[in-house]
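Chain and residue survey
Chain by chain, the residues run as shown.
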Amino acid sequence: MAERLWAPWRFDYIAQAGKSGASGNIFVDLPAEDSDRENLILFRGRTAFVIMNRFPYTNGHLMVAPYQQTPEIGGLDDEELLEINRLIARCIEWLRTAYEPEGFNVGVNLGAAAGAGIASHLHWHVVPRWSGDTNFMTTVADTRVIPQDLRDSYDLLKKIIEGSE
């Protein structure tokens, strides 16, 4: 018998599938819109921005992406690389304040073979971690449990970001 996990919050995403905009790339289409809370964009920099992962590994799973679409690190100039790294450091500060994690995974998947879900647009993941955050749901059922609604996470992090500027 198949196990079911009730996740009604996913319906909004499913209903919007294929409607993400002209390019079909969230890292291009969403920043072009003026709906940051709806699109989970937490911070806009000059050359890059911070967006929450709609299907997070843990609460507070953030992504940092350049506005420029490129699949390779070599496609970014020094200004973009510097801002991305500064944003990663700020993400860690914001997440420490919000969730008090015990550690972080920070990384980039280069190419589809490396696990990049959107291989045409380079982006970094910043994932807060806690000892024991891989529980039975992940190890036995290959299912993650996210205890906080994405909008509540957004509101918490946005308040921290605005207070740090």
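Read on for an overview of the structure. (Residues numbered from 1 in each chain as written. Predicted model: local features only at pLDDT ≥ 70, side-chain atom pairs only at ≥ 80, totals over all residues. Heavy atoms only, no water.)

**Quick look at helix 6 (residues 150–164)**
- Look at helix 6: 21 Å from first C-alpha to last across 15 residues, which is about the 21 Å you get at 1.5 Å a residue.
- For helix 6, the full list of buried residues reads Leu-150, Ser-153, Tyr-154, Leu-157, Ile-160 and Ile-161. Along the axis of helix 6, the buried residues cluster in a sector spanning 135 degrees; they form a single face. In helix 6, those exposed residues whose orientation departs by more than 90 degrees from the buried face are Lys-159, Glu-162 and Gly-163. (Helix = DSSP H or I, 4+ residues; strand = E, 2+ residues; numbered from the N terminus. Expected span 1.5 Å × (residues − 1). Buried < 20%, exposed > 50% of the residue type's maximum accessible area, 1.4 Å probe, protein only. Arc of directions from axis to C-beta.)

**Focus on the side chain of Asn-39**
- Following the sequence through the fold, Asn-39 ends up in helix 3 (residues 36–39).
- Residues in contact with Asn-39, not counting those within four places in the same chain, are Leu-30, Glu-33, Ile-51 and Arg-54. (Contact = heavy atoms within 4.5 Å.)

**A closer look at the packing of aromatic side chains**
- This model, assessed by the stated rule, comprises 3 aromatic pairs.
- When the ring of Phe-43 is compared with that of Trp-94, the centres are 5.7 Å apart and the planes differ by 50 degrees; the resulting orientation is tilted. Of this pair, Phe-43 sits in strand 1 (residues 41–44) while Trp-94 is found in helix 4 (residues 78–99), placing the two residues 51 residues apart along the sequence. Taken as a pair, Phe-43 and Trp-94 share a single burial class, namely buried.
- Taken together, the ring pairs connect Phe-27, Phe-49 and Tyr-67 into an aromatic cluster. (Phe/Tyr/Trp six-rings, centres within 6.5 Å; stacked < 30°, edge-to-face > 60°.)

**Here we look at the nonpolar core**
- Judged by nonpolar contacts, the single largest core of 33 residues is most densely connected at Leu-42, Val-50, Ile-51, Leu-62, Val-64, Trp-94 and Leu-157.
- Elements supplying a minimum of two residues to this core: helix 2 (26–32), strand 1, strand 2 (48–52), strand 3 (62–66), helix 4, strand 5 (124–129) and helix 6.
- Ranked by residues supplied to this core, first place goes to helix 4 with 9 residues.
- Other than its neighbours up to four places away in sequence, Leu-157 contacts Leu-42, Gly-60, Leu-62, Trp-94, Leu-95, Ala-98 and Tyr-99. (Core = buried A, V, L, I, M, F, W, Y, C linked by side-chain atoms within 4.5 Å.)

**Thoughts on the pattern of salt bridges**
- Per the counting criterion, the structure on display carries 3 salt bridges.
- For Asp-155, the salt bridge goes to Arg-37, with nearest N and O atoms at 2.8 Å. Of this pair, Asp-155 sits in helix 6 while Arg-37 sits in helix 3, and the two are 118 residues apart along the sequence.
- Classification of Arg-37 as partly exposed rests on a relative accessible area of 39%.
- The shortest N-O distance in the salt bridge between Arg-46 and Glu-79 comes to 2.8 Å. (Salt bridge = Lys/Arg side-chain N within 4 Å of Asp/Glu carboxyl O.)

**Overview of the environment of Cys-91**
- In this structure, Cys-91 sits in helix 4.
- Cys-91 sits 29 residues away from Leu-62 along the chain, and the two C-alpha atoms are 7.5 Å apart.
- Leaving out residues up to four positions away in the same chain, Cys-91 has contacts with Val-50, Leu-62, Val-64 and Val-126.

These values are about where atoms sit, not about what they do.
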